[in-house]
Amino acid sequence: MSSNSKIGVTKLTLDVLKPREVKITDLALALGEIKGIENVEIYVTEVDAKTETLKITISGWDMPPDEIEELVNKYGSIRSIDAVVVSKKR
Amino acid sequence: MSNRLISSLKSYLLEKFENLQDLLEISSAGEILRRYFVMNAFDGALTMLGFVVGAYISGSKNPNLILSAGLSASYAMAISGFVGALITEKAERERKVKELERAMFTKLDNSLIDKASDTAVVLAALTDALAPMLAALTSASPYIFSRMGLISFDVATFISVSITLALVFCLGLFLGRVSKGNMILYGFYMLLAGLAVSLLMFLSTGPDI
C-alpha cells in the first residue's frame, strides 16, 4: 500500500533491551540485510548485569516496520519506538 | 551442473556451520562441551581399562567376553550420558532463560537466546553420549582383531592398554592446551590416573580372589 501511495518509512529510532550474550554486530548485520534498509546505527546506552539497553537508528527507503520489529524481537525486545520518519518517494 | 550443486551445498553447509558457531557463542556452550567431552571420554577410557585389566588378571582369555561386555558397557554409558546431560542441561538452561525473561520483562520464546539454549542442550547431550562410547570402543577395538584370529589375546590386551593410556595422555594434552599451561604435565597427570586404575585392578582383583 505504501509503495502505491509512494510514501514509506525512511527512519526509525528504537529503544531495545537485549541479553548481554547477543552481539550488537550480529543484530546490526541482520538488520542491514532487510530490504529497504540502507543504514543501521546502534549505540549501547546502558549496561546491566544481564542486559544492555540499545538505541537503534535505522534509515533507508520504504523500510518494513513489521519485519524490523520481528527481527529485533528475535535478538532482544523493543521497549518503545522513539521516533519515526515517513517520506514521499524521492 | 554437478559443480554448481556441490558449491551450493557447500555454501549451505558453511552457512549452517556459521549459524551453529554463533549459537554456541551466544549460549557460551564451548566451555561446557569441552568439559563434558574430556570428563566423559576419560570416564569411558578408564572404565574400559579397568575392565580389560580385570578380565586379563582373572585369567579369562576370551575376546568375545571383552567385546560383548565392553560394547554393552559403552552403549550403557552413551544412553546414561545422553539422558543425564539432556535433563540436567535443559533444567540449567531453562533456569537461565527464565532469569533473563524476568530481567527483560518479556517472554523469550523463539528468540535467538532460546534457540541457542536448545542447541547447547542437544550438543551437550550428544557430547556426553558419544565421548565415553567412542573412548571405550577405541580401547576395545584390538579385541576385534583378536577375535578374527589376527593377533593373540595377550597382544590384544597389550595394544588395548597402550591405546587407552595413549588416549588419556592425549586428553591431558588437550586439557593442557585449553589451560594454555604445560601440555606434557597435564598429559602425565591423566596418564598417572590411568596407571593408578591399572594398579588398583592388580591389587584388588586376581586369580586368587
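Caption draft 1: Fine view of the overall build of chain A. Along its length, chain A carries two helices and four strands. Reading chain A from its N terminus to its C terminus gives the helix and strand order β-α-β-β-α-β. For a compact globule of 90 residues, the expected C-alpha radius of gyration is about 12 Å, and chain A comes in at 13 Å, within 12% of that figure. Counting the 90 residues in chain A, one finds 23% classified as buried. Across chain A, contacts joining residues at least 24 apart in sequence account for 73% of those joining residues at least 6 apart.

Caption draft 2: Spatial organisation of the overall build of chain B. Within chain B, the regular secondary structure consists of seven helices and zero strands. If you line up chain B on its principal axes, its C-alpha atoms span 65 × 50 × 35 Å. The buried share of chain B, taken over its 209 residues, is 34%. A fraction of 73% describes how many contacts in chain B between residues 6 or more apart in sequence connect residues 24 or more apart.

Caption draft 3: Quick peek at unusual backbone geometry. Of note, A:D62 is a non-glycine position whose phi angle comes to about 50°, a positive value. Among the residues examined, A:D62 registers 17 C-beta atoms within 10 Å and is labelled partly exposed. Phi at B:N110 takes a positive value of approximately 65°, unusual for a residue other than glycine. Along the chain, the position of B:N110 falls in the loop between α3 (63–104) and α4 (112–140). For B:N110, a count of 10 C-beta atoms within 10 Å translates into the label exposed.

Caption draft 4: Expanded view of the interface of chain A and chain B. Chain A puts 10 residues into the contact, and the matching count from chain B is 10 residues. Only β1 (7–19) and α2 (65–75) of chain A provide two or more residues apiece to the side of chain A that touches chain B. Considering only residue class, the side of chain A that touches chain B consists of four nonpolar, two polar and four charged.

Caption draft 5: Main features of the environment of A:G36. Residue and element names in this part refer to chain A. Here G36 lies in the loop between α1 (24–32) and β2 (37–47). For the pair formed by G36 and E46, sequence separation is 10 residues and the distance between their alpha carbons is 29 Å. In contact with G36, not counting residues within four places along its chain, are G60, W61, D62, M63 and P64.

Caption draft 6: Highlighting the sheet that holds β1(A). All names here are of chain A. Sheet architecture is open: four strands sit in the order β2-β3-β1-β4, paired in antiparallel fashion. Looking along the sheet, the strands with just one partner apiece sit at the ends: β2 and β4 (77–88). Ignoring strand direction, the axes of neighbouring strands in this sheet form an average angle of 15°. Packing of α1 onto the sheet brings it into contact with β2 and β3 (51–60), and relative to β2 it is tilted by some 155°.

Caption draft 7: Inspection of the confidence of the model for chain B at higher detail. Here chain B shows a mean pLDDT of 88. Residues at 70 or above account for 97%. Here the prediction assigns the complex a pTM of 0.80, and the interface score ipTM is 0.74.

Caption draft 8: The arrangement of helix α7 (residues 183–204) of chain B in detail. Residues and elements named next belong to chain B. Its 22 residues give α7 an end-to-end C-alpha distance of 32 Å, which sits within 8% of 32 Å, the value for a rise of 1.5 Å per residue. Buried residues of α7: Y186, G187, M190, G194, V197 and M201, and no others. One side of α7 holds all its buried residues, which, seen down the axis, span an arc of 115°. Seen from the open side of α7, the exposed residues pointing more than 90 degrees away from its buried face are I184, A196, L199 and L203. Next to the buried residues of α7 lie α2 (29–57) and α6 (153–179).

Caption draft 9: A look at the environment of A:A49. Residue and element names in this part refer to chain A. Structurally, the position occupied by A49 is in the loop between β2 and β3. Judged by C-beta crowding, with 6 C-beta atoms within 10 Å, A49 ranks as exposed. For the pair A49 and L29, spaced 20 residues apart in the sequence, the C-alpha separation amounts to 25 Å.

Conventions adopted
Residues numbered from 1 in each chain as written. Chains lettered and ligands numbered in written order. Predicted model: local features only at pLDDT ≥ 70, side-chain atom pairs only at ≥ 80, totals over all residues. Helix = DSSP H or I, 4+ residues; strand = E, 2+ residues; numbered from the N terminus. Rg over C-alpha atoms; globule rule 2.2 N^0.38 Å. Buried ≥ 20, exposed ≤ 12 C-beta atoms within 10 Å, placed from the backbone. Contact = placed C-beta atoms within 7 Å. Nonpolar A, V, L, I, M, F, W, Y, C, P; charged D, E, K, R; others polar. Pairing = 2+ DSSP bridges. Axes fitted to C-alpha atoms, helices over the stretch in contact; angles between N-to-C directions. pLDDT = per-residue confidence, 0-100. Expected span 1.5 Å × (residues − 1). Arc of directions from axis to C-beta.

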